[in-house]
Amino acid sequence: MVIQGYPSPGDGLRLHLNENTGGCSSRVLEAIRNIGPSDVSTYPQYREAVTATARHFGVDPDWVLLTNGLDEGILMAAVAHIAKARAHDAETIIPRPAFDPYPNSTAAVGATAVWVPPGPDFAFPTQAVIDAVTPRTRMIFLNTPNNPTGQLIAVTDLARICEAAPRAVVLIDEAYIEFGGTTFLPHLSRYPNVLLGRTFSKAYGLAGMRVGVVIGQPWALDPVRSVTLPFNINGAALTAMRAALEDTDFLPRYAAEVRESRERLYTACRRLGLQYWPSAANYVMVRVGETAPFVEALAARKIHVRDRSKDPTTPGCVRITAGIVAHTDAVIEALDEVVTMRQAP
Ligand SMILES: Cc1ncc(COP(=O)(O)O)c(C=O)c1O
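Residues numbered from 1 in each chain as written. Predicted model: local features only at pLDDT ≥ 70, side-chain atom pairs only at ≥ 80, totals over all residues. Heavy atoms only, no water.

S.K.: Account for the site of the ligand, with residues named and values stated.
M.R.: Near the ligand there are 14 residues, and of these Leu70, Asp173, Tyr176, Thr199 and Ser201 occur at the shortest range. Here an oxygen atom of the ligand sits 2.5 Å away from a polar atom, N or O, in the side chain of Thr199. For the ligand, the protein covers 93% of the area, taking 400 Å² as the surface of the free molecule. According to the grid-proximity analysis, the pocket containing the ligand is the largest pocket. For the shell around the ligand, the leading source of residues is helix H4 (residues 69-83), giving three residues. Residue composition of the shell around the ligand, by class: five nonpolar, five polar and four charged. (Near = heavy atom within 4 Å. Polar contact = N/O pair within 3.5 Å; in protein donor to acceptor, adjacent residues only side chain to side chain. Areas by Shrake-Rupley, 256 points an atom, 1.4 Å probe, with all protein chains shown as cover. 1 Å grid on protein atoms, 1.4 Å probe; cavity = no way out; pocket = protein on both sides within 12 Å on 5 of 7 lines; lining within 4 Å. Sits in = over half its atoms within 2 Å of the grid points. Helix = DSSP H or I, 4+ residues; strand = E, 2+ residues; numbered from the N terminus. Nonpolar A, V, L, I, M, F, W, Y, C, P; charged D, E, K, R; others polar.)

Structural data, given as structure tokens:
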């Protein structure tokens, strides 16, 4: 049987998809429990959720499009600006390493991905991205902090790219920005060609609900809205999202756990002689050498991490989610065992 979605790794600690390892706010669960029969039997209403989101981000509600996870926002942006625009020879620019939906959405709309390799130690290749812009460039995918490296793109570099490609849509994916780094949000009013992507999956722990946000000026956003299905997010997810926004204590508490977890992972990597990259997100990329036996050995200890070795720019690397500190301590204990076992004569 072909299974929809990602295969389940089985039971154990899920540190392979950058989820919130502590679960969502209890206020979200309470709000879901209070959903009534007519909330389920009627089509969802978006107005209040959009208004609350716009207020949260300090933008005009017309600049907000709620999507079924940011994944949907990425695909719909490509559908709007490439497929619907009938841009048959379109190119998208994708700096490596990259989140799979960028090339997948590019391919889905029949466009060509132009890959840009990273600089030394994953330095962001700003000039190379600018040099890759051609009259065929329709979209540029920028991800800060980057998945999987955790590296940030400086706001000044983001701005340079947006200015260098005024006819292309620049999608700035800030899925993990709540864990570190500076958002491009305050600069959005100067760039009609930018779409900013956010998600409730990570910092707010709503991955199972599927709520993302695309923010942008009408020139870039209205075409995306026009191709997005009218009832793309279900009512329970909207309820969950609004409750998550109301629990203002939740995010700072979880972000503090993530910061502490990252530090503990760095310390463990230094002790075990594993190369790692300091991350602004809720995961750390670690070079372990041969990844498959490493990932299997951790899985045997019921700890699931992500093998990133298939990407040509991250050979020998795994990505480990940094969430609740107690979970991080468990992965560190397993790392200790696996690395020591590997070093044994
Ligand atoms: C860089 C990046 N962007 C977007 C997403 C999509 O998040 P979602 O569709 O859960 O909102 C993810 C999820 O892993 C991600 O890593």
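S.K.: Got a sec to walk through the packing of aromatic side chains? Specific residues and values, please.
M.R.: Using the criterion set out here, one finds nine aromatic pairs in the structure. Consider the rings of Phe184 and Tyr191, whose centres lie 5.6 Å apart with planes at 40°: the pair is tilted. Take Phe184 and Tyr191: they sit in the same class, and that class is buried. Taken together, Phe99, Tyr102 and Phe141 form an aromatic cluster joined through their ring pairs. The ring centre of Trp115 lies 3.8 Å from the NZ or CZ of Arg96, which sits over that ring. (Phe/Tyr/Trp six-rings, centres within 6.5 Å; stacked < 30°, edge-to-face > 60°. Buried < 20%, exposed > 50% of the residue type's maximum accessible area, 1.4 Å probe, protein only. Lys NZ or Arg CZ within 6 Å of the ring centre and 35° of its normal.)

S.K.: Pulling in residues and values, what's your account of helix H12 (residues 325-343)?
M.R.: Here H12 spans 27 Å end to end across 19 residues, near enough to the 27 Å set by a 1.5 Å rise per residue. Buried within H12 are the following residues: Val325, Thr328, Val331, Ile332, Ala334, Leu335, Val338 and Val339. On its buried face, H12 sits against strand S1 (13-15), helix H10 (250-272), helix H11 (291-300), strand S11 (303-307) and strand S12 (317-321). (Expected span 1.5 Å × (residues − 1). Contact = heavy atoms within 4.5 Å.)

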